[in-house]
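Fold and geometry: a report
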Amino acid sequence: FFKQKTAYEIKECDWSSDVCSSDLAASSGSAGSVVAGAAITGRVTLSAALKDKVAPGDSLFIFARPATGARMPLAILRKQAGELPLEFKLDDSLAMSPAARLSTAQQVIVGARISKSGNAMPQPGDLQGLSQPVAVGAQGVTIEIAETVK
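Residues numbered from 1 in each chain as written. Predicted model: local features only at pLDDT ≥ 70, side-chain atom pairs only at ≥ 80, totals over all residues. Heavy atoms only, no water.

Let us look at the overall build of the chain. Of the regular secondary structure elements, the chain holds 1 helix and 9 strands. In sequence order, the secondary structure elements of the chain are arranged as α-β-β-β-β-β-β-β-β-β. Relative to its full complement of 150 residues, the chain shows a buried share of 47%. Of the contacts made within the chain by residues no fewer than 6 positions apart, 66% connect residues no fewer than 24 positions apart. Approximately 7700 Å² of the chain is accessible, and the part contributed by carbon and sulfur atoms is 52%. (Helix = DSSP H or I, 4+ residues; strand = E, 2+ residues; numbered from the N terminus. Buried < 20%, exposed > 50% of the residue type's maximum accessible area, 1.4 Å probe, protein only. Contact = heavy atoms within 4.5 Å. Areas by Shrake-Rupley, 256 points an atom, 1.4 Å probe, with all protein chains shown as cover.)

All right, on to unusual backbone geometry then. Trans peptide bonds make up the majority, and among non-glycine residues the majority have a negative phi. Omega for the bond connecting L84 with P85 falls within 30 degrees of zero, at -5 degrees, which places this linkage in the cis form. Within the secondary structure, P85 sits in the loop between β3 (75-80) and β4 (86-91).

Moving on to the pairing of strand β8 (residues 141-145). Because side chains alternate across β8, one face comprises the buried residues V141, I143 and I145, and the other comprises T142 and E144, none of which is buried. Judged from the 5 bridges that link them, strand β1 (residues 39-46) and β8 form a sheet pairing that is parallel. Each bridged residue has a counterpart across the sheet, and for V44 the counterpart in β8 is I143. (Pairing = 2+ DSSP bridges.)

A word on the confidence of the model for the chain. Segments scoring low in pLDDT should not have their predicted coordinates read at a detailed level. The predicted model of the chain averages 83 in pLDDT, with 75% of residues at 70 or higher. When pLDDT is averaged over each helix and strand of the chain, the minimum, 42, is found for helix α1 (residues 21-28) and the maximum, 98, for β8. (pLDDT = per-residue confidence, 0-100.)

Let us now look at the sheet that holds β4. Read from one edge to the other, the open sheet built from 3 strands follows the order β4-β1-β8, with strand pairing classed as mixed. Each edge of the open sheet is held by one strand with a lone partner, namely β4 and β8. Adjacent strand axes in the sheet meet at a mean angle of 30 degrees, parallel and antiparallel pairs treated alike. (Axes fitted to C-alpha atoms, helices over the stretch in contact; angles between N-to-C directions.)

Okay, the pattern of salt bridges next. Scanning the entire structure with this criterion turns up 3 salt bridges. A salt bridge links D58 to K116; the shortest N-O distance between them is 2.9 Å. In this pair, D58 is assigned in the loop between β1 and β2 (59-66) and K116 in the loop between β5 (107-115) and β6 (127-130), connecting sequence segments 58 residues apart. Under the relative-accessibility criterion, D58 is labelled buried at 8%. A salt bridge links R101 to D92, with the shortest nitrogen-to-oxygen separation between them at 3.5 Å. Assessed through its relative accessible area of 2%, D92 is described here as buried. (Salt bridge = Lys/Arg side-chain N within 4 Å of Asp/Glu carboxyl O.)

For the rest of this paragraph, the subject is the nonpolar core. In summary, soluble globular proteins display a tendency toward joint burial of nonpolar side chains. Counting residues in hydrophobic clusters, the biggest one holds 38 residues, and the most contacted among them are I62, F88, L90, V108, V110, I114 and I145. When residues of this core are traced back to their parent elements, those giving at least two are β1, β2, β3, β4, β5 and β8. Looking at which element gives the most residues to this core, the answer is β2, with 5 residues. Ignoring any residue separated from it by four or fewer positions in sequence, one finds V108 in contact with I40, A64, R65, P66, A67, L74, L102, S131, Q132, P133, V134 and V136. (Core = buried A, V, L, I, M, F, W, Y, C linked by side-chain atoms within 4.5 Å.)

Now the structure itself:
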């Protein structure tokens, strides 16, 4: 029987796994205590020009990664493209590693990517949008998915 990795078993170099903390939250409870104020909220929308390239069942990943340094997400949320436009909240409960949490960063880039393959790693043909660097604790961050990954 196949054993899925938990978010804490995924190595930094292996974050392409289909497992996200948000997938595990229902079965394992909280992924740890959330530091007050260490959350980012906002809204993801899809550009009208790309709507015909998206199926409702395509995977949607919303993530925050450090503005500088490592590119591994500090928080990642998995949804479906059919849920767009979507309000989101990223916090430490969505961390991929206990050592790399949103509360450990000062500035992050928030991104949203639609994947036909369901793979969290960017693939050519995926659709994405990225914010400018924002402070951890930012509210009302808007991400428009408006470009195709090359």
